[in-house]
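Structure at a glance
Here are the chains, one letter per residue:
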Amino acid sequence: MTKLYKTLLNQMGQKIAIYNELIELLKQEWDSVSGYSLMGVQEVLNKKETLVLKMQVLEENRLEVVRAIANKLDVPYEGLTLKKILALKSHPLNNKLNLYRKKLLKQIDMIAELTEKTKRIVDHSSMSIKKSLSFLHKTQEKSEAGYQAKGKIREGKMQSRMLSAEV
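Residues numbered from 1 in each chain as written. Predicted model: local features only at pLDDT ≥ 70, side-chain atom pairs only at ≥ 80, totals over all residues. Heavy atoms only, no water.

**Describing helix 2 (residues 38–73)**
- Here helix 2 spans 51 Å end to end across 36 residues, near enough to the 52 Å set by a 1.5 Å rise per residue.
- Burial in helix 2 covers these residues: G40, V41, V44, L51, M55, L58, V65, V66, I69, A70 and L73.
- Contacts made by the buried residues of helix 2 are with helix 1 (2–34) and helix 3 (82–88).
- Once helix 2 finishes, D74 follows within two positions and takes phi at roughly 55 degrees, a positive value. (Helix = DSSP H or I, 4+ residues; strand = E, 2+ residues; numbered from the N terminus. Expected span 1.5 Å × (residues − 1). Buried < 20%, exposed > 50% of the residue type's maximum accessible area, 1.4 Å probe, protein only. Contact = heavy atoms within 4.5 Å.)

**Points about the layout of surface pockets**
- One number sums up the size of the largest pocket: a volume of about 260 Å³.
- In terms of lining residues, the largest pocket is bounded by 16 residues, among which M12, K15, R62, L82 and L104 are the most central.
- Those elements that provide at least two residues to the lining of the largest pocket are helix 1, helix 2, helix 3 and helix 4 (94–143).
- Per-class residue counts for the lining of the largest pocket are ten nonpolar, two polar and four charged.
- Here the second largest pocket is characterised by a volume of approximately 200 Å³.
- Broken down by secondary-structure element, the contributors of at least two residues to the lining of the second largest pocket are helix 1, helix 2 and helix 4.
- Per-element accounting of the lining of the second largest pocket gives the leading share, five residues, to helix 4.
- Looking at the lining of the second largest pocket residue by residue, the class counts come to six nonpolar, five polar and no charged. (1 Å grid on protein atoms, 1.4 Å probe; cavity = no way out; pocket = protein on both sides within 12 Å on 5 of 7 lines; lining within 4 Å. Points joined across faces, edges and corners; volume = space filled by probe spheres on them. Nonpolar A, V, L, I, M, F, W, Y, C, P; charged D, E, K, R; others polar.)

**Thoughts on the pattern of salt bridges**
- Under the counting rule described, the total for this entry stands at six salt bridges.
- One salt bridge in this structure joins E29 and K48, with 3.1 Å as the shortest N-O distance. Of this pair, E29 sits in helix 1 while K48 sits in helix 2, and the two are 19 residues apart along the sequence.
- When its relative accessible area of 9% is taken as the criterion, E29 is described as buried.
- Across the pair E59 and R62 runs a salt bridge, and its minimum N-O distance is 2.6 Å. (Salt bridge = Lys/Arg side-chain N within 4 Å of Asp/Glu carboxyl O.)

Next up, the structure:
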């Protein structure tokens, strides 16, 4: 049983390291998004994809260990969490596992906060662009003269016209 607990502890340590990397990437992502750096955002996204793959492999391994622990404790595997494992049996590594659990929970909160912060700026920027485009389209429609049925040109409703500054 000690070997399983040590393996679980090792995996949690790896997960903490991956989450630390993810937190740093999310901070870089914020800097890239707020600095309007498309290249920076793309670079961060590529690194995040790599981290996701690492997390998937680690999660599969963790599930195997949790299944083995469930078998040893003779409890059903479904719904078995680290908190429940710690409550089921006293073990010398329980304190360390609990510390790692608390650290992971804090990291998950930080990840959610950073993700929400970036999501808000992207949503706000997107809405701003949509409003600007809508305004430009409405202005252009009002300023353009329409054709009447007999081919005559109707006067535009506005006195000014939009000009393109591009040459």
